[in-house]
Amino acid sequence: MISALKDNVLHSPLAMNVAQIGQFYISTQLLQFLHNLVGEKVPDVLGYMWRTRTKTLSIRSTDSTYTTMLSSVDGTSMGDDLDGEPAYMEPGDGTELPNNKAVNAQAYFNPATGVNYNFTFEKCTVTIIREGDKDMSKSSGGKSVYRVAISPATPGVMERWIEATREMYQSQKDDRVEIYIAGQSNYYWDFLLLGDRRDLDTIHLAAGVKENIVGMASKFLRRRSDYHSRQINHHLGFCLYGPPGTGKTTLIRAIAYHFKLKIHLLSLSSRDLNDSRLHSLMASTKEGGIILIEDIDKQLNSSSSEITAAGLLQALEGSANTAAQIVFVTANSLEPLKPYEDTVFRHGRIDKKIRLGYADKTMAKSLFCSFFSSCKSETADDIEALSEQFSSVLLEDTWSMAHLEGYLLQYDDDIRKAVSEFAGWQEEQKKERTS
Ligand SMILES: Nc1ncnc2c1ncn2[C@@H]1O[C@H](COP(=O)(O)OP(=O)(O)OP(=O)(O)O)[C@@H](O)[C@H]1O
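Residues numbered from 1 in each chain as written. Predicted model: local features only at pLDDT ≥ 70, side-chain atom pairs only at ≥ 80, totals over all residues. Heavy atoms only, no water.

Quick rundown of the site of the ligand? Include the residues and the values.
As a matter of local geometry, the ligand sits amid 16 residues, with His-204, Lys-248, Thr-249, Thr-250 and Glu-405 nearest to it. Between His-204 and the ligand, the recorded distance is 2.8 Å, taken from a backbone N or O atom to a nitrogen atom. Gly-245 is positioned with one of its backbone polar atoms (N or O) 2.9 Å from an oxygen atom of the ligand. Here the ligand has 630 Å² of accessible area as a free molecule, and 82% of this is covered by the chains. Placement of the ligand is best described as lying within the second largest pocket. Elements with a minimum of two residues in the shell around the ligand: α10 (248-259) and α17 (401-409). (Near = heavy atom within 4 Å. Polar contact = N/O pair within 3.5 Å; in protein donor to acceptor, adjacent residues only side chain to side chain. Areas by Shrake-Rupley, 256 points an atom, 1.4 Å probe, with all protein chains shown as cover. 1 Å grid on protein atoms, 1.4 Å probe; cavity = no way out; pocket = protein on both sides within 12 Å on 5 of 7 lines; lining within 4 Å. Sits in = over half its atoms within 2 Å of the grid points. Helix = DSSP H or I, 4+ residues; strand = E, 2+ residues; numbered from the N terminus.)

The structure is reproduced here in structure tokens:
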């Protein structure tokens, strides 16, 4: 899931179009190039011209402007929403990016180091450059730094651009989940993206499981002062385990959305992460945050991990410096955690371990009803009756909910066929598994 998210961010097709970078852009780039070329060797006339035509700003990855900038500067939003044109972005080296047309696809802007990204705002060219790793560690204490240049520097354009990114971010944020990952230095959290909304009532689990987790989280979040007055870390830990596709990640996303919590994705095997950096990360989570360690069973014994068992245990305890921290770890199997059983699964670290399993009849029925809830061709009573038929032929404890979701998606406009072909599909799937 972590890698899926990263792929989504790093490789999703940005809405790119390299045509039509206006005259201002070309002249500004030329000036910048000449300025870099002559540097300080000649009287800085070009530099003067560059400065007067350009407004610049440095943003650290821990600044709130960084978050708003990344979430709003994507392939569609800036240009579309602000001046009726799609945002045109290209890397500064002139390479054409894939998908050379303005599209409405979801796109996330995550600039590569040392590459100029340009797009238009109020007919000015905005250039964003992420600084190189070396510079980052020296001058910024490990935080990524982005330089933003807007040219020509019409009065107030930078302020209006910042305000526009903020407004756009605010309007998107309420309906999404903020997701952070460890920054390059692993000391701080960097904003990653606004994840899609997921409602709790679209998650179908065995009776009582969802209600139990949501109830515990709700009570925990309400009792801040109780923890505080007793000087106990305001921390709650869950381990969700079970086969792939049973809804572990989706449930966490829905809980984050429901309680308006930010998700911090933590990869224990990430490069250069060690115990002390892990400690800093835990202490710097955003107010009201979920820490999500996915696939802990696989990450624990990863050869690239420098985290010791002691470091991990400390991380699971959360930090006394932060308010309301919910740690979720997910695993397909608890076997690799056996050696740590007593130390990990105790109050203050992982308070509760919960198994999410394959679909039973009740889960399949409620998935079916929710999937076809907007079906116009059938009455509510008919949908209910069809869901009974569907679930009655289900082979229990055989399919993940992801598997069933995939099946239903093939029939999203033919609810009756989804019922009539279900038994046959299950037979085929069983044969495929054994062959
Ligand atoms: N219990 C469920 N209720 C509704 N949808 C579900 C459920 N379980 C899985 N899904 C659907 O299946 C897909 C995959 O689910 P998810 O990624 O949450 O599974 P997972 O248990 O985290 O898998 P993995 O162990 O492989 O990370 C999602 O698109 C989600 O909509």
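Okay, back to it.
Could you give me a rundown of helix α16 (residues 380-392), with the residues and numbers involved?
Here α16 contains 13 residues, and its C-alpha end-to-end distance of 18 Å stays within 8% of the 18 Å for a straight helix at 1.5 Å per residue. On its buried side, α16 packs onto α15 (361-371), α17, α18 (415-420) and α19 (422-434). (Expected span 1.5 Å × (residues − 1). Contact = heavy atoms within 4.5 Å.)

I'd love a proper account of the packing of aromatic side chains, names of residues and values included.
Applying the stated rule across the entire model yields twelve aromatic pairs. Here Phe-390 and Tyr-407 contribute two aromatic rings whose centre-to-centre distance is 6.5 Å and whose plane-to-plane angle is 20°, an arrangement assigned as stacked. Of this pair, Phe-390 sits in helix α16 while Tyr-407 sits in helix α17; the two residues are 17 residues apart in sequence, bridging distant segments of the chain. Judged by its relative accessible area of 1%, Tyr-407 falls in the buried class. Between Phe-390 and Phe-422, the aromatic rings sit 4.1 Å apart at their centres with planes inclined by 20°, giving stacked as the arrangement. (Phe/Tyr/Trp six-rings, centres within 6.5 Å; stacked < 30°, edge-to-face > 60°. Buried < 20%, exposed > 50% of the residue type's maximum accessible area, 1.4 Å probe, protein only.)

Which residues make up the pattern of salt bridges, and what values do they have?
Enumeration according to the criterion identifies eleven salt bridges in this entry. Note that Glu-335 and Lys-338 form a salt bridge whose closest N and O atoms lie 3.5 Å from each other. Residue Lys-338 is classed as partly exposed on the basis of its relative accessible area of 47%. The shortest N-O distance in the salt bridge between Lys-353 and Glu-341 comes to 2.9 Å. Placement of Lys-353 in strand β12 (residues 352-355) and of Glu-341 in helix α14 (residues 341-344) is noted, with a sequence separation of twelve residues between them. Residue class for Lys-353 comes out partly exposed when judged on its relative accessible area of 36%. For Glu-341, a relative accessible area of 25% puts it in the partly exposed group. Salt bridges sharing partners connect three or more residues here, namely Asp-175, Arg-197 and Asp-199. (Salt bridge = Lys/Arg side-chain N within 4 Å of Asp/Glu carboxyl O.)

Give a detailed account of the nonpolar core, specifying residues and quantitative values.
Counting 48 residues, the largest nonpolar core has Met-69, Val-148, Trp-161, Leu-266 and Ile-296 as the members making the most contacts within it. Among the elements that line this core, the one with the most residues is helix α7 (residues 157-173), at six residues. Counting contributing residues per domain, this core is built from domain 1 (9-174) and domain 2 (200-355), each supplying no fewer than three. Ignoring sequence-local partners within four residues, the contact set of Ile-296 consists of Leu-268, Leu-312, Val-329, Thr-330, Ala-331 and Leu-337. Listed in part, the 34 residues of the second largest apolar core include Val-214, Ala-254, Phe-259 and Ile-263. (Core = buried A, V, L, I, M, F, W, Y, C linked by side-chain atoms within 4.5 Å. Domains from an automatic or database assignment.)

Quick one: what's the story with the side chain of Lys-210, residue by residue and with numbers?
Summarising the element assignment, Lys-210 is placed in helix α8 (residues 209-222). For the buried residue Lys-210, which engages in no salt bridge, the nearest side chain bearing the opposite charge is Glu-211, 5.1 Å off. Within the structure, Lys-210 has its side chain in polar contact with the backbone oxygen of Leu-200 (distance 2.8 Å). Non-local contacts of Lys-210, meaning those with residues more than four positions away in its chain, are made with Leu-200, Asp-201, Ile-203, Leu-205 and Leu-251. (Lys, Arg positive; Asp, Glu negative; His and termini not counted.)

Describe the environment of Val-157, naming the residues involved and giving the relevant values.
Structurally, the position occupied by Val-157 is in helix α7. Its relative accessible area of 0% is what places Val-157 among the buried residues. A C-alpha to C-alpha distance of 49 Å links Val-157 and Pro-244, two positions 87 residues apart in sequence. If sequence neighbours within four positions are ignored, Val-157 has contacts with Phe-121, Glu-122, Cys-124, Ile-150 and Pro-152.

Any chance you could break down the confidence of the model for the protein for me, citing the residues and the numbers?
Confidence along the protein averages 75 in pLDDT terms, with 72% of residues attaining 70 or more. Predicted confidence for residues 1-26 stays below pLDDT 50, and this span has 55 contacts to residues more than four positions away or in other chains. Long-range and interchain partners of residues 75-108, a stretch whose pLDDT sits below 50, account for 94 contacts in this model, where long-range means more than four residues apart. In the predicted assembly, ipTM is 0.98 and pTM is 0.72. (pLDDT = per-residue confidence, 0-100.)

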